[in-house]
Amino acid sequence: METILTIQNLSKKYGRIQALKNVSFSIQKGHVYGILGPNGSGKSTTLGIVLNVVNKTSGDYKWFDGNVQTHDALKKVGAIIERPNFYPYMTAEENLKLVCKIKSINYSKIEEKLNLVGLMERKDSRFSTFSLGMKQRLAIASALLNDPEILILDEPTNGLDPQGIHQIRDIIKEIASQGTTILLASHLLDEVEKVCSHVVVLRKGEVLYSGSVDGMSANEGFFEVSSNDNLALKSVLYNHPSIAEIKDEDGKVLIYLKSELSASELNQFLFSKNIILSHLVKRKNSLEAQFLELTKNTNPKN
Ligand code: ADP
Ligand code: MG
């Protein structure tokens, strides 16, 4: 597997504010990564450091195999970390021509990228007449002009209406399907779940989880059960080796597992102890519940 970016023990302090603390993760070619975390968790700081616009305090990062200078490596990176800004009185096409000129890119790329973001019909409209969603799409087209290895986006759907959000997400998926690696920062779990294959969860500058989006919800799950004698039910459950915790909730007993246990195994076990269940459901925490669990404050000082 080809590595695009490696971040090791990256820390950042703004004066006394610790924005990042020992952040480590890596990005492999061809995947879509989300940096997910609430506002202020350090997402933009992380992107700013690897894009060389924010100075790190300590730690390291390297682009590609580490043998190219950051300055040269960044020529293969397309990034949008601020609100899109183009010349308002110039058309979409004229703005992109200017970018091509500055970066020595062939004009032939313009049509391809405008088509990709669905702005070909509007190429002759002035930038000032564009909606925020169209401005964002033009920024994506611009960042892709030189066919970068990786596209970096900071909160790409912030401030857009539902239709605009949908369009941007579809475009991101389309770009990913063409093989471009993507790294996007978002505070929206839903967005990361819909768009990304991998996720780094940040809270207060620290990595809480890093891995596949599917893996984030792949816990053992829990059962919801009840019988006409829940006390007897619980006393039997306490000694089962697969059970980590038992909780009461609205007349139901919730059983959290520490190792795999099927519904029929549980049912059979209880039956052998003379417990007849009136209710048995196996549930898994939604990704949202997992995320809230991961990011809730565990440190009483916070
Ligand atoms: P996010 O993008 O996840 O919302 P940021 O990286 O913008 O988080 O911010 C992380 C922390 O660093 C926050 O506490 C924020 O207030 C602080 N911070 C960010 N930029 C600056 C700055 N230029 N000066 C001082 N503090 C900053
Ligand atoms: Mg931010």
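Numbering of residues starts from 1 in each chain and follows the order in which that chain's sequence is written. Just so you know, chain letters begin at A and ligand numbers begin at 1, following the order they were written in. Only residues with pLDDT of at least 70 get local features here, since the model is predicted, and only at 80 or more are side-chain atom pairs given and counted; chain-wide, interface and lining totals rely on the full set of residues. For the side-chain quantities, the full set of heavy atoms in the structure was used; hydrogens and water were omitted.

1. Notes on the layout of surface pockets
Empty space among the atoms becomes visible once a probe the size of a water molecule is rolled across them.
Working step 1: Volume-wise, the largest pocket comes out at about 810 Å³.
Working step 2: Buriedness for pockets is judged along seven lines, at least five of which must meet protein on both sides within 12 Å for an open set on the 1 Å grid over protein atoms alone, while cavities are sets there where a 1.4 Å probe fits but cannot get out, and lining residues have an atom within 4 Å of a point. Around the largest pocket, the lining is made up of 25 residues, and of these Ala79, Val99, Lys103, Ser142 and Ala143 lie nearest the centre.
Working step 3: Secondary-structure elements contributing two or more residues to the lining of the largest pocket are strand 5 (77-80), helix 3 (92-103) and helix 5 (132-144).
Working step 4: Helix and strand definitions here come from DSSP, where helices need a minimum of 4 consecutive H or I residues and strands a minimum of 2 consecutive E residues; each element is numbered from the N-terminal end. Top contributing element to the lining of the largest pocket by residue count: helix 3, with five residues.
Working step 5: Among the residues forming the lining of the largest pocket, the class breakdown is 16 nonpolar, five polar and four charged. Grid points are joined across faces, edges and corners, and a volume is the space filled by probe spheres set on the points. Throughout this entry, Asp, Glu, Lys and Arg are counted as charged residues, while Ala, Val, Leu, Ile, Met, Phe, Trp, Tyr, Cys and Pro are counted as nonpolar. The remaining residues, Gly among them, count as polar.

2. Quick word on the site of ligand 1
Working step 1: Around ligand 1 lies a shell formed by Tyr14, Ile17, Ala19, Pro38, Asn39, Gly40, Ser41, Gly42, Lys43, Ser44 and Thr45.
Working step 2: Here a polar contact is recorded for every N or O atom pair within 3.5 Å, except that within protein the pair must consist of a potential hydrogen donor and a potential acceptor, and residues adjacent in sequence are included only if both atoms are side-chain atoms. Between ligand 1 and Ser41, the relevant distance is 3.2 Å, taken from an oxygen atom to a main-chain nitrogen or oxygen of the residue.
Working step 3: In the model, an oxygen atom of ligand 1 is placed 2.8 Å from a nitrogen or oxygen of the Ser44 side chain.
Working step 4: We get accessible surface area from the Shrake-Rupley algorithm with a probe of 1.4 Å; when it comes to residues, only the shown protein chains can shield them. Burial of ligand 1 by the surrounding chains reaches 59%, relative to a free accessible area of 560 Å².
Working step 5: Elements with a contribution of two residues or more to the shell around ligand 1: strand 2 (17-28) and helix 1 (43-50).
Working step 6: When residues of the shell around ligand 1 are assigned to their parent elements, the largest contribution, three residues, is made by helix 1.
Working step 7: Taken together, the residues that form the shell around ligand 1 break down as four nonpolar, six polar and one charged. One heavy atom within 4 Å of a molecule or strand makes the whole residue count as near it.

3. Description of the sheet that holds strand 1 (residues 3-14)
Working step 1: The three strands lie next to each other as 2-1-4, forming an open sheet whose pairing is antiparallel. Strands with a single pairing partner mark the edges of an open sheet, and in this sheet they are strand 2 and strand 4 (58-63). Shown here is a sheet whose adjacent strand axes are inclined to one another by a mean of 15 degrees, direction ignored.
Working step 2: Think of it this way: DSSP has to see at least two bridges between two strands before they count as a pair. Bridge count for strand 1 against strand 4 is five bridges, and the pairing is antiparallel. Opposite Gln8, over in strand 4, you have Asp60 as the bridge partner.
Working step 3: The contact definition used throughout considers only heavy atoms, calling two residues in contact when any of these lie within 4.5 Å. Inter-axis angles, ranging from 0 to 180 degrees, are taken between N-to-C directions of lines fitted to C-alpha atoms, where helices are fitted over the stretch in contact. In the packing of helix 1 onto the sheet, the strands contacted are strand 1, strand 2 and strand 4, and the crossing angle to strand 1 comes to about 115 degrees.

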